[in-house]
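# Analysis of the macromolecular model
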Amino acid sequence: MAAHLNEPAGRVTLESLRRDMRDHGAWAEDRAVTRLLHALELTGGARHRAVATAMALVEGARARRDERPFLDAFLQEFGLSNQEGIALMCIAEALLRIPDDATADRLIAEKLATGDWSSHAGKSESLFVNASTWGLMLTGGILELDPTIKTDTGGWMRKFTRKAGEPLVRLAVRRAMRIIGGEFVVGRTIEEALARSARETDVALCSFDMLGEGARTQADAQRYLKSYEHAIDVIGAAAAGRPAQEASSISIKLSALEPRYSLLQHERVMRRLVPLALALARRAAKAGIQLTIDAEEADRLDLSLDVIEALAKDAVTRDWPGLGLAVQAYGKRALDVIDWVAATARQQGRRMTARLVKGAYWDSEIKRGQERGLDGYPVYTRKLTTDVSYLACAGRLFKNADVIYPQFATHNAHSIASVLELAPADADYEFQRLHGMGRLLYAEAARQIVKFPRVRVYAPVGEHKDLLAYLVRRLLENGANTSFVNRFMDEEVPVADIVRDPLSEMERLETYAHARLPIPIALYGDRRNSRGIDLGNPTEIQTLREELSTRPPTLPLAGPIISGKLLPGGARPVTNPADRRDVVGSMRDATPDEIVMAFDAGAAAQASWNLRGGDARAAMLDKAAGLLEADRAEFHQLLVREAGKTIADAIAEVREAVDFCRYYAVRARRQFATPERLQGPTGELNELFLQGRGVFACISPWNFPLAIFAGQVTAALAAGNAVVAKPAEPTPLIAARFVELLHQAGVPPQALHLVPAPGRLFGEIAFAHAALAGVAMTGSTATALTINRSLAARNGTIVPLIAETGGMNAMIVDSTALPEQVVDDVVTSAFMSAGQRCSALRLLFLQDEIADQ
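Note that this is a predicted model, so its numbers are computed, not measured.

Moving on to the overall build of the chain. When helices and strands are counted, the chain shows 33 helices and 22 strands. Per-residue burial over the chain gives 55% buried out of 853 residues. Within the chain, counting contacts between residues at least 6 apart in sequence, those at least 24 apart form 77% of the total. On the chain, roughly 35,800 Å² of surface is accessible, and the fraction owed to carbon and sulfur atoms is 53%.

Set out below in structure tokens:
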């Protein structure tokens, strides 16, 4: 087992392993890769032998290319690198779920019309792929193919598309797509899947995955639970008492059993989910089959290990060797997970299984890290590094084979050959592959290598309507241009190029981290990204909870802040919208005279503020961004208590406000620090410094009381304007605290004023004031129209209005949509991004069928 920094030798505990795991996940990538290299068990001779074995496997498979399954051939020809492949995949997935003929017709016509099919005609040796190219499985018995297809494929396809409304054509295309769907799904029911397993040696030993990407409701969770229970019973009956390693097994997703499966809901998950997962584990133990908990996103790793630990401690199943989990090698914590599994198994006196995969959510992990402004990524940024990590993890699994049964899921010839080199002579282990992929490679390995280990097939089971998420993930993993699956049968790619030793390749790198993929905190070239909080790290969540539970010694007060002074007056309480008993602070509205006073003061100060120049103003905004990040806990609490935000939304809003400060600092330096060179009417070049206009009125909404307030105010200040800000009536405390922060950062109090007030009263005074030079508002369209009319009625110079209005989201959902994705998109875009209430949401269903789902 690896040495751990936090514990003396001989005193490694499960908790210390978990602490080290979290630490290693936060390491810079170069440091994490160096640790990998030190952990690698392959000698120089073993590496050379692995390359030679891999070359022999690829050459042998290429010599038998006519035996490869359709899907391997299809991915090589179409993949995801051209619009034809994408069009076919869209049809293959969506058409299977379309209940009405009219929509099916339109989809077929649209997608087939987009492709350059002639570029693929005749390129593949697979008759099946060529049949798909020439007619998408439409043989002469269904539709006579026009002889011009070989000379004018594009014209033939256009004629074909015009005929797409014919029922005969529709049925034929449906048949073609069902065949493609059948390459991904081993059966629509577990009974059908087992029947196929019994008659086809290719899928004789499986790990069945009941399709479904995660519950969104308790009803979903109950449905998935019943599906798992039934599958375990049926698979167990078919096992007929064979040892668990020699019988088909089941894979389950914990997120399918609990709709709130996130670390923020840890207590709820442990209370509700653990009993369900424990019952399934005991059921599988009684049936004598393996149960593997599938890997999910990095955010859920700590939570998943908590659940697995609870299952491992169950004395009832201690003698059962079937409890296992999947480990993703692209994660920086993969080695630590294996160490933890081994330590858990030893502590509980049991043997567990570990399925080593390279990882299925790389794109999402990278995007999520960027979106959250983390210090680094939870995964390696190079595929090459993931390959090395896979080998290091394989060695670690064999090192702990006394308590772990290793399972190696890969379609890569070099990875297979390296595992064979790493395996001790008497090792008991297995390989795994995806249903529909890698069959020819493993068949060749079994032919060439004496006593090649057993091969288990990861086999999806379910209706075609549940196929989308699985299909997309498999295609992203295996359909990319760099994928081994995509390249290993391509004769134009030399065998040596696709079985290179990843360690030798890494020696040529200047840096282990991908040079073109900056860490999230450095995502923007011209400014620092706002710092986020890792909601997958229990330590950071605990710190966040403590910050949110700490009440300020005195209640904050919001009122008119004129020239830096909070004006006194009678105040009323501000309460938490989620719990009116919780008094957050107090506030009072500005009087008409105070509003006038603010505009007068702003007008007097604007010229000197403008003369400070863009560089000076930018420095203040950058300082404000730093202060906001330093005081983010206070703003998180205000956003949760005064605005009713969720914790995740509060974090995101503070970060957006920080981004606004830094973004407008960049704009101030670029546009207000140096002159613009403009061409005059006779061709001469004139220099013009951009200047502020005067006093801006900034009117912000309730749904983003910090972010939009900050965006309006900092934009106006950056341009050299003085600002009179009117916050949303329900959230004056947040606005008041941000104004104080800007003053603390150096913005002159005379240039920035706060006037909480009812909208109508503020408008009557502000829009008539002679000093008003512009209005920035976010709110309803009706309010914007009212402001526009008021400004149009003024005498003198036209006052610009910058208005963001509407706030109404529309989502068009048709019968091809996956209901789970619809729910996720609604929650993310309608409620989080736009901040809408339920009453403001409108969904347009083009088909009634999806509404019933």
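Now that the structure has been shown, we can carry on.
With that settled, consider the pairing of strand β1 (residues 206–210). With respect to burial, β1 is a largely interior element, five of its five residues being buried. Every second residue of β1 is oriented toward a common face, with Cys 206, Phe 208 and Met 210 on one face and Ser 207 and Asp 209 on the other, all of them buried. With five bridges connecting them, β1 and strand β8 (residues 454–461) associate as parallel partners. By the bridge assignment, Met 210 is partnered in β8 with Val 461. As paired strands, β1 and strand β2 (residues 249–252) are joined by three bridges and run parallel to one another. Note that in β2 the partner of Phe 208 across the bridge is Ile 250.

Let's shift gears to the environment of Ile 235. Within the element layout of this structure, Ile 235 appears in helix α11 (residues 218–239). Classification of Ile 235 by relative accessible area gives buried; the value is 2%. In sequence terms Ile 235 and Gly 288 are 53 residues apart; their C-alpha atoms lie 9.4 Å from each other. When residues no more than four places from it in sequence are discounted, the contact partners of Ile 235 are Ile 190, Leu 194, Phe 208, Ser 248, Ser 249, Ile 250 and Ile 289.

To continue, consider empty space enclosed by the protein. Think of a ball as big as a water molecule: rolled over the atoms, this probe shows where empty space is left. Applying the stated criterion across every chain yields a total of four cavities of 30 Å³ or more. Secondary-structure elements contributing two or more residues to the lining of the largest cavity are α13 (301–312), β4 (323–328) and α14 (334–348). Counted by class, the lining of the largest cavity contains 14 nonpolar, three polar and seven charged residues.

Turning next to the sheet that holds strand β5 (residues 352–357). Reading around the circumference, β1-β2-β3-β4-β5-β6-β7-β8 is the order of the eight strands in this closed barrel, with parallel pairing throughout. Ignoring strand direction, the axes of neighbouring strands in this sheet form an average angle of 30°. Of the pairings in the sheet, the one linking strand β7 (residues 430–434) to β8 comprises five bridges and is parallel in character. Across the sheet, the residue bridging to Gln 432 is Arg 456, located in β8. Docked against the sheet, α13 engages β3 (291–293), β4 and β5, running at close to 155° with respect to β4. Most of the contacts of helix α16 (residues 383–399) go to strand β6 (residues 404–409), to which it runs at about 155°, and overall it touches β5 and β6.

In this fold, Ala 240 is placed in the loop between α11 and β2. Classification of Ala 240 as exposed rests on a relative accessible area of 66%. The spacing of Ala 240 and Gly 288 is 48 residues in sequence and 8.9 Å in space, taken between C-alpha atoms.

Time to look at the packing of aromatic side chains. The full count for this structure, using the stated rule, is 13 aromatic pairs. The interplanar angle of 40° and the centroid separation of 6.3 Å between the aromatic rings of Phe 599 and Phe 762 together place this pair among those described as tilted. Here the residue Phe 599 occupies a position in helix α24 (residues 592–611), and Phe 762 occupies one in helix α30 (residues 759–766), the gap between them amounting to 163 residues. Looking at Phe 762, the relative accessible area reads 1%, which means it is buried. Each ring, one from Phe 762 and one from Phe 767, has its centre 6.5 Å from the other, and the planes form 85°; the classification is edge-to-face. As far as the burial class goes, Phe 762 and Phe 767 line up, both buried. Through pairs of rings, three or more aromatic residues link up here, namely Phe 398, Phe 408, Tyr 429, Phe 431, Tyr 442 and Phe 452. Against the face of Tyr 390 rests Lys 358, its NZ or CZ located 5.2 Å from the ring centre. Just above the ring of Tyr 524 sits the side chain of Arg 527; from NZ or CZ to the centre is 4.1 Å.

Here we come to the confidence of the model for the chain. Of all residues in the chain, 77% have pLDDT values of 70 or greater, and the mean over the chain is 85. Contacts for the low-pLDDT stretch residues 1–10, under 50 throughout, to residues beyond four places or in other chains number 21 contacts. Within the model, pLDDT remains below 50 along residues 833–853, and this stretch shows 49 contacts once partners closer than five positions in the same chain are excluded.

We now examine the nonpolar core. One finds Ile 190, Phe 208, Ile 250, Leu 291, Leu 356 and Phe 408 to be the most contacted residues of the largest nonpolar core, which totals 114 residues. Discounting residues that sit within four places of it in the chain, Ile 190 has contacts with Phe 208, Met 210, His 230, Ala 231, Val 234, Ile 235 and Val 461. Counting 48 residues, the second largest nonpolar core, distinct from the first, contains Leu 733, Ala 735, Leu 741 and Leu 752.

If you walk across this open sheet you meet the three strands as β9-β13-β12, and the pairing is mixed. Pairing within the sheet leaves two strands with one partner each, and these edge strands are β9 (557–558) and β12 (572–576). Here five bridges tie β12 to strand β13 (residues 579–587), and the two strands are oriented antiparallel to one another. Paired with Val 574 across the two strands is Gly 585, which belongs to β13. Sitting on the sheet, helix α26 (residues 632–641) touches β12 and β13, and the angle it makes with β13 is about 125°.

The rules we used
- Residues numbered from 1 in each chain as written.
- Predicted model: local features only at pLDDT ≥ 70, side-chain atom pairs only at ≥ 80, totals over all residues.
- Heavy atoms only, no water.
- Helix = DSSP H or I, 4+ residues; strand = E, 2+ residues; numbered from the N terminus.
- Buried < 20%, exposed > 50% of the residue type's maximum accessible area, 1.4 Å probe, protein only.
- Contact = heavy atoms within 4.5 Å.
- Areas by Shrake-Rupley, 256 points an atom, 1.4 Å probe, with all protein chains shown as cover.
- Pairing = 2+ DSSP bridges.
- 1 Å grid on protein atoms, 1.4 Å probe; cavity = no way out; pocket = protein on both sides within 12 Å on 5 of 7 lines; lining within 4 Å.
- Points joined across faces, edges and corners; volume = space filled by probe spheres on them.
- Nonpolar A, V, L, I, M, F, W, Y, C, P; charged D, E, K, R; others polar.
- Axes fitted to C-alpha atoms, helices over the stretch in contact; angles between N-to-C directions.
- Phe/Tyr/Trp six-rings, centres within 6.5 Å; stacked < 30°, edge-to-face > 60°.
- Lys NZ or Arg CZ within 6 Å of the ring centre and 35° of its normal.
- pLDDT = per-residue confidence, 0-100.
- Core = buried A, V, L, I, M, F, W, Y, C linked by side-chain atoms within 4.5 Å.

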